[in-house]
Amino acid sequence: MSVKKILTEPNKLLRQVSMPVEKVGDQERQLMDDMLDTMYSANGIGLAAIQIGVPKRIIVMDLSKDENKKEPMYFVNPVIKNKNLEKAKYEEGCLSVPNQFAEIERPNGCEVEYLDYSGRKKILKADGLLATCIQHEMDHLEGILFIDYLSKLKKSMIIKKLSKSKLSRIVV
Ligand code: NI
């Protein structure tokens, strides 16, 4: 397992649509292990493969609150089968949009079909934070970031801020 670099906006790769995985093999499991390591070391609760530059439809998540009891979740080729009409609002952030947060409204529940770590087909009924998180991560597979739901002005302000912080990092 190794910690990879997380891409941050603005970055064209983050806007790419990720490709379906043909088979969950050792290479994919290695990738999921690396993703999980990367996510934990950045204190995130979810990460999509494209965030470390790999355009595959793979997501890892861990919503457990107890640091000593890890509960990793793996989603390969996830597809939303059903979503609730009712919405829920959460303040969202993203490892690829550092230090920026905004209230985003999404369906408050959904059903997701996916392949797990061993390639078995599974269905997850999600609500609450889990539903929001999986929808946020699945957006990454389409090249969508949570800031895309904000007004044009708010979004461009955030991107400007991030571009500036990137510049200063290079100067230092
Ligand atoms: Ni994100």
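Above: the structure in question.
Residues numbered from 1 in each chain as written. Predicted model: local features only at pLDDT ≥ 70, side-chain atom pairs only at ≥ 80, totals over all residues. Heavy atoms only, no water.

(A) Inspection of the coordination of the nickel ion at higher detail. For the nickel ion, the full set of protein donor atoms is C94 (SG), H136 (NE2) and H140 (NE2), and the range of their distances to it is 2.1 to 2.3 Å. Positions of the donor residues of the nickel ion, expressed as sequence spacing, correspond to C-x41-H-x3-H. Within this pair, H136 and its partner H140 are both found in helix 2 (residues 128-141), separated by 4 residues, close to a single helical turn. In this structure, H136 and H140 share a single accessibility class: buried. (Donors = N, O, S within 2.8 Å, 3.2 Å for Na, K, Ca; no water. Helix = DSSP H or I, 4+ residues; strand = E, 2+ residues; numbered from the N terminus. Buried < 20%, exposed > 50% of the residue type's maximum accessible area, 1.4 Å probe, protein only.)

(B) Representation of the sheet that holds strand 7 (residues 121-127) in the model. Taken together, 5 strands build an open sheet; the order of strands is 1-2-3-6-7 and the sheet is antiparallel. Strands with a single pairing partner mark the edges of an open sheet, and in this sheet they are strand 1 (46-48) and strand 7. Direction aside, the axes of adjacent strands within the sheet are offset by 40 degrees on average. The pairing of strand 2 (residues 58-61) with strand 3 (residues 73-83) spans 4 bridges and is antiparallel. The partner of M61 across the bridge, within strand 3, is M73. (Pairing = 2+ DSSP bridges. Axes fitted to C-alpha atoms, helices over the stretch in contact; angles between N-to-C directions.)

(C) The arrangement of the layout of surface pockets in detail. The space that makes up the largest pocket amounts to roughly 390 Å³. Looking at the largest pocket, it is lined by 22 residues, and the ones nearest its centre are I45, E92, G93, C94 and H136. Those elements that provide at least two residues to the lining of the largest pocket are strand 4 (87-94), strand 5 (97-107) and helix 2. It is helix 2 that provides the largest number of residues to the lining of the largest pocket, a total of 6 residues. Classifying every residue of the lining of the largest pocket gives 10 nonpolar, 9 polar and 3 charged. For the second largest pocket, the full set of lining residues is M39, Y40, N43, G44, I45, D62, S64, K65, D66, E67 and K70. In terms of residue class, the lining of the second largest pocket is made up of 3 nonpolar, 3 polar and 5 charged. (1 Å grid on protein atoms, 1.4 Å probe; cavity = no way out; pocket = protein on both sides within 12 Å on 5 of 7 lines; lining within 4 Å. Points joined across faces, edges and corners; volume = space filled by probe spheres on them. Nonpolar A, V, L, I, M, F, W, Y, C, P; charged D, E, K, R; others polar.)

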